[in-house]
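These are the residues of each chain, in order.
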There are 2 protein chains.
Amino acid sequence: MKTLTVELGDRSYPIFIGEGLLSNSELYTPYIHGRQVLIVTNETVAPLYLSAVKEALVGYQVDEVILPDGEAYKDLTTLNFIYDALLEKQHNRTTTLIALGGGVIGDMTGFAAASYQRGVNFIQVPTTLLSQVDSSVGGKTAVNHPLGKNMIGAFHQPQCVIADVSTLATLPKRELSAGMAEVIKYGLICDAEFYGWLGEHMTGLMSGDVELLSYAIQRSCQDKAEVVAQDETEGGIRAILNLGHTFGHAIESHQGYGNWLHGEAVGTGMLMAVDLGWRMGAVQKSEMLALRDMLLAASLPVVGPRDMGPDDYVIRMQVDKKVLDGRIRLVLLKRIGEAYVTSDVPKELLLQTLQAGEQLGCV
Amino acid sequence: MKTLTVELGDRSYPIFIGEGLLSNSELYTPYIHGRQVLIVTNETVAPLYLSAVKEALVGYQVDEVILPDGEAYKDLTTLNFIYDALLEKQHNRTTTLIALGGGVIGDMTGFAAASYQRGVNFIQVPTTLLSQVDSSVGGKTAVNHPLGKNMIGAFHQPQCVIADVSTLATLPKRELSAGMAEVIKYGLICDAEFYGWLGEHMTGLMSGDVELLSYAIQRSCQDKAEVVAQDETEGGIRAILNLGHTFGHAIESHQGYGNWLHGEAVGTGMLMAVDLGWRMGAVQKSEMLALRDMLLAASLPVVGPRDMGPDDYVIRMQVDKKVLDGRIRLVLLKRIGEAYVTSDVPKELLLQTLQAGEQLGCV
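These numbers were taken from a predicted model, which means no experiment stands behind them.

The next point concerns the overall build of chain A. Helix and strand counts for chain A stand at 13 helices and 11 strands. The globule rule puts the C-alpha radius of gyration for 363 residues at 21 Å, and the 20 Å found for chain A is close to it. C-alpha extents for chain A along the principal axes are approximately 60 × 40 × 35 Å. Counting the 363 residues in chain A, one finds 60% classified as buried. Sequence-distant contacts in chain A: of pairs separated by 6 or more residues, those separated by 24 or more amount to 74%. Carbon and sulfur atoms form 48% of the exposed surface of chain A, whose accessible area is close to 12900 Å².

As structure tokens, then:
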């Protein structure tokens, strides 16, 4: 087992990474301060792992709430099921919520914890690659609104994160790919060495090699933790974590949440950002093609939805959180391994990227 | 105009108290950092003051959302109307919400601000005595859940508070009384001198004397600010602000929110707490009777609902936020002007208080 600490002063917390961790009671008990626990999970994950987690929590008042599975349920209505459970079982301010599932469960449980009685503790037990490398670091919690993704939320740090790599064995291949998009992102924005390593090991990673996956998760969390530690509430540098996300959110929003997986949209969005960087002269064509190959090796889409035109992107990019006073701000690359944020995007080149379609990354 | 600063480090903010303030643009502009403003108000307050506030905000993108009036609408469904307005008008992270109304508007707008895009700025313009002396200090924001009051919320400090005493002229008498209950509370818990002053001036205060009201608001905010500054997120001393609230919440919850005004329930709850204190030997009978007289002078009820028995109280007190691991914790008085929190309440005496009914404060 590897242990990584996210350094955030008195809100610092450990991430445990390894095999078979979710049934290990010693990882939970130091981080549960009351006698009450509510496990929040979904219909897909519950049959696989709920009983193992409950066995690790003998001696506590353990309640559970099982939500429907999917991004479509990441809303205020479903969030309210968590509050209902907490209040029906009379959970008080010393309760601990445990998020057992992927990013949707983590985000919703985190926001429920942030807002129940104005804030209670929670523990993340992410069971997807995406949530292990993304939502387990940074304390971002949220639900969606019909008019925008993650528009309602809070910054709320967990007590600890238990990333059990064994759970990836039951993860659908498509979701492994989606998670891999975020792993690739860390290489692109701040870790050229790791990016090189990923190029060499993508086949092994996608075949489910536990050693390789453990290393990739650890390195991704480390990279993210370093960025978050510099900027907990996203005033500045943290925005580079959104490489590909402004394009990606536009795709998700246009297609209806849940049709494209978040990681799929981000993967294509990263290629669009790098395509734009190439048009702006910052990235070599060969580097852009190498990224395209890596995304293909991870079974990720490398072109946006066929029914989306440039206008469809622009309208949706205007309401993205990264927009300041109407100007589109984007995360772009200076070079592989170094990202920056800019509002100074030549509109002409942006439109070329949005129009590239099939030719994205290969003109 | 008086200016009071709530000292909370980098979250410190001023409270402006005086006549005719809500139309003074100079009080707003230093505290609005973007170009977008959303005024949140209700159907009762909008016809009275909305246009005056809008005139003070010339030059900004000013949008508005007018909610139905009343505690019954302090819920997730109504909260969502605020998010709808923010997203329909494409408000970004630099937006400022302005809460124009009483405590319900302040609490909901504050929580919307705390959670919209994980946190944006807000300004409080409280238009009731209760909200001027209570919710304008302390940063508590929340909505109700069918199973409990203020169960979903956040700590989120405003940029400034503009307490316009002129608005009290249009306030229904019953609401002036409800606010006065909280004013009396500050005297009881931490300011014996102020409590004495209130005893002398209750008639003038209730007749709407602006000078007297300004002083009472200022002193109440000062008292509350001092308590809050010691304990921003309610770990300890701040709990004394809940004198009367555990009994009061039980009354409100049993009667259905909005039938008893919050201040009315707290007023009766304070008398119950003092009655219990008398039974425990901490408070003189004459002091208890003086409080009863002061509540009557403020046209406040001095006996709980006739249809509530001791069991009705106890069940509802169990789910109160002040409960730790099943033990009822109460705020009681050591003496007039000094409160403390205890879980060590003799059950027998508590039941006597809950059974006292008409005899409360006068056996």
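In the numbering used here, UniProt assigns the "domain: 3-dehydroquinate synthase N-terminal" (unreviewed entry) feature to residues 65–177 of chain A. This span, residues 65–177 of chain A, is 32% helix and 29% strand, and a straight line between its end C-alpha atoms measures 28 Å.

What follows concerns the relation of the copies chain A and chain B. In this structure, two copies of a chain are linked by a rotation about an axis accompanied by a shift along it. It takes a turn of 180 degrees to lay chain A on chain B, together with a shift of 0.0 Å along the axis; the resulting RMSD is 0.0 Å. Both chain copies can therefore be described as sitting about a two-fold axis. Considering only C-alpha atoms, the part of chain A nearest the rotation axis is L76(A), at 3.9 Å. Mapped onto chain B, 100% of the interface residues of chain A again fall at the interface, so both copies present the same surface.

Turning next to the pairing of strand β8 (residues 148–155) of chain B. All names here are of chain B. Across the 8 residues that make up β8, a large majority, 7, are buried. In this structure, strand β7 (residues 140–145) lies alongside β8, joined through 5 bridges in antiparallel fashion. Each residue of the ladder has a partner; that of V143, found in β8, is I152. Linking two consecutive strands that pair antiparallel, namely β7 and β8, is a turn of 2 residues.

Okay, the UniProt feature "binding site: Zn(2+)" (unreviewed entry) in chain A next. Residue and element names in this part refer to chain A. Following the UniProt record, the feature "binding site: Zn(2+)" (unreviewed entry) maps to E182, H245 and H262 here. Taking the farthest pair of C-alpha atoms as the criterion, the annotated set spanning 81 residues converges on one region, since that pair is 10.3 Å apart. Lining the largest cavity, from the residues just named, are H245. By the secondary structure assignment, H245 is in helix α9 (residues 245–255).

Let us now look at the side chain of H245(A). Residue H245(A) is classed as buried on the basis of its relative accessible area of 6%. Within the local environment of H245(A), its side chain forms a polar contact with the side chain of E182(A), the two groups lying 3.3 Å apart.

In this section: the state of the cysteines. Residue and element names in this part refer to chain B. Under the defined criterion, the tally for this structure stands at 0 disulfides over all chains. Here C190 stays unpaired: no disulfide links it, and the sulfur of C221, its closest cysteine neighbor, is 12 Å away. Residue C190 is classed as partly exposed on the basis of its relative accessible area, which comes to 30%.

Inspection of the entire model under this criterion finds 9 aromatic pairs over all chains. Centroid distance F111(A) to F111(B): 6.4 Å. Interplanar angle 0 degrees. Geometry classified as stacked. Placement of the pair is F111(A) in helix α4 (residues 103–115) and F111(B) in helix α4 (residues 103–115), with the two residues belonging to separate chains. With respect to class, F111(A) is no different from F111(B); both count as buried. In this structure an aromatic cluster arises from ring pairing among F194(A), W197(A) and Y215(A). Against the face of F155(B) rests R118(A), its NZ or CZ located 6.0 Å from the ring centre.

Time to look at unusual backbone geometry. Of note, R118(A) is a non-glycine position whose phi angle comes to about 65 degrees, a positive value. Its place among the elements puts R118(A) in the loop between α4 and β6 (121–126).

All names here are of chain A. Under the definition given, this model contains 26 salt bridges over all chains. Between K149 and E71 there is a salt bridge whose closest N-O contact spans 2.8 Å. Note that K149 is positioned in strand β8 (residues 148–155) and E71 in the loop between β4 (61–67) and α3 (76–88), a separation of 78 residues in sequence. Residues K149 and E71 agree in their burial class; the two are buried.

All right, on to the interface of chain A and chain B then. Contacts between the two partners involve 35 residues from chain A and, on the opposite side, 35 residues from chain B. Around 3200 Å² of area is buried between chain A and chain B when both sides are counted, 58% of it from carbon and sulfur atoms. Where chain A packs against chain B, one counts 0 salt bridges. Between the two partners, chain A and chain B, sit 8 residue pairs in polar contact (both at pLDDT 80 or more). Mapped by element, the contributors of at least two residues to the side of chain A that touches chain B are α3, α4, β7 (140–145) and β8 of chain A. Residues that form the side of chain A that touches chain B fall into these classes: 15 nonpolar, 11 polar and 9 charged.

Residue and element names in this part refer to chain B. It is the contact of helix α10 (residues 262–279) with helix α11 (residues 285–297), at a shortest axis distance of 10 Å, that shows an interaxial angle of 175 degrees. Judged by the inter-axis angle, α10 sits roughly antiparallel to α11. For the pair formed by α10 and α11, the contact residues are G267, M270, L271, V274, D275 and W278 on the first element and K285, M288, L291, R292 and L295 on the second. Within the contact of α10 with α11, the residues separate by chemical class into 7 nonpolar, 1 polar and 3 charged.

Moving on, we get to empty space enclosed by the protein. All names here are of chain A. Tallied over the full model, the rule gives 1 cavity of 30 Å³ or more. Here the largest cavity is characterised by a volume of approximately 40 Å³. Contributions of two or more residues to the lining of the largest cavity are made by α9 and β10 (330–335). Looking at which element gives the most residues to the lining of the largest cavity, the answer is α9, with 3 residues. Its residues assigned to classes, the lining of the largest cavity shows 4 nonpolar, 4 polar and no charged.

Next up on the list: the domain arrangement of chain A. Residue and element names in this part refer to chain A. Taken as a whole, chain A is organised into domain 1 (2–170) and domain 2 (173–359). Across the boundary between the two partners, domain 1 contributes 31 residues, which contact 32 residues of domain 2. Each partner contributes to the roughly 2800 Å² buried at the junction of domain 1 and domain 2, and carbon and sulfur atoms together form 68% of this total. At the boundary of domain 1 with domain 2, the tally comes to 2 salt bridges. Run the count over domain 1 and domain 2 and you get 5 residue pairs in polar contact (both at pLDDT 80 or more). Listing elements by their share of the side of domain 1 that touches domain 2, those giving two or more residues are β1 (2–6), β2 (13–18), α5 (129–133), β7 and β8. Examining the composition of the side of domain 1 that touches domain 2, we find that 5 residues originate from one element, β8, more than from any other.

What counts and what doesn't
Residues numbered from 1 in each chain as written. Chains lettered and ligands numbered in written order. Predicted model: local features only at pLDDT ≥ 70, side-chain atom pairs only at ≥ 80, totals over all residues. Heavy atoms only, no water. Helix = DSSP H or I, 4+ residues; strand = E, 2+ residues; numbered from the N terminus. Rg over C-alpha atoms; globule rule 2.2 N^0.38 Å. Buried < 20%, exposed > 50% of the residue type's maximum accessible area, 1.4 Å probe, protein only. Contact = heavy atoms within 4.5 Å. Areas by Shrake-Rupley, 256 points an atom, 1.4 Å probe, with all protein chains shown as cover. UniProt positions renumbered as here; feature names shortened; annotations may be inferred. Least-squares fit on C-alpha atoms with pLDDT ≥ 70 in both. Pairing = 2+ DSSP bridges. 1 Å grid on protein atoms, 1.4 Å probe; cavity = no way out; pocket = protein on both sides within 12 Å on 5 of 7 lines; lining within 4 Å. Polar contact = N/O pair within 3.5 Å; in protein donor to acceptor, adjacent residues only side chain to side chain. Disulfide = S-S within 2.5 Å. Phe/Tyr/Trp six-rings, centres within 6.5 Å; stacked < 30°, edge-to-face > 60°. Lys NZ or Arg CZ within 6 Å of the ring centre and 35° of its normal. Salt bridge = Lys/Arg side-chain N within 4 Å of Asp/Glu carboxyl O. Buried area = accessible area lost by both parts, 1.4 Å probe. Nonpolar A, V, L, I, M, F, W, Y, C, P; charged D, E, K, R; others polar. Axes fitted to C-alpha atoms, helices over the stretch in contact; angles between N-to-C directions. Parallel < 35°, antiparallel > 145°, perpendicular 65-115°, else oblique. Points joined across faces, edges and corners; volume = space filled by probe spheres on them. Domains from an automatic or database assignment.

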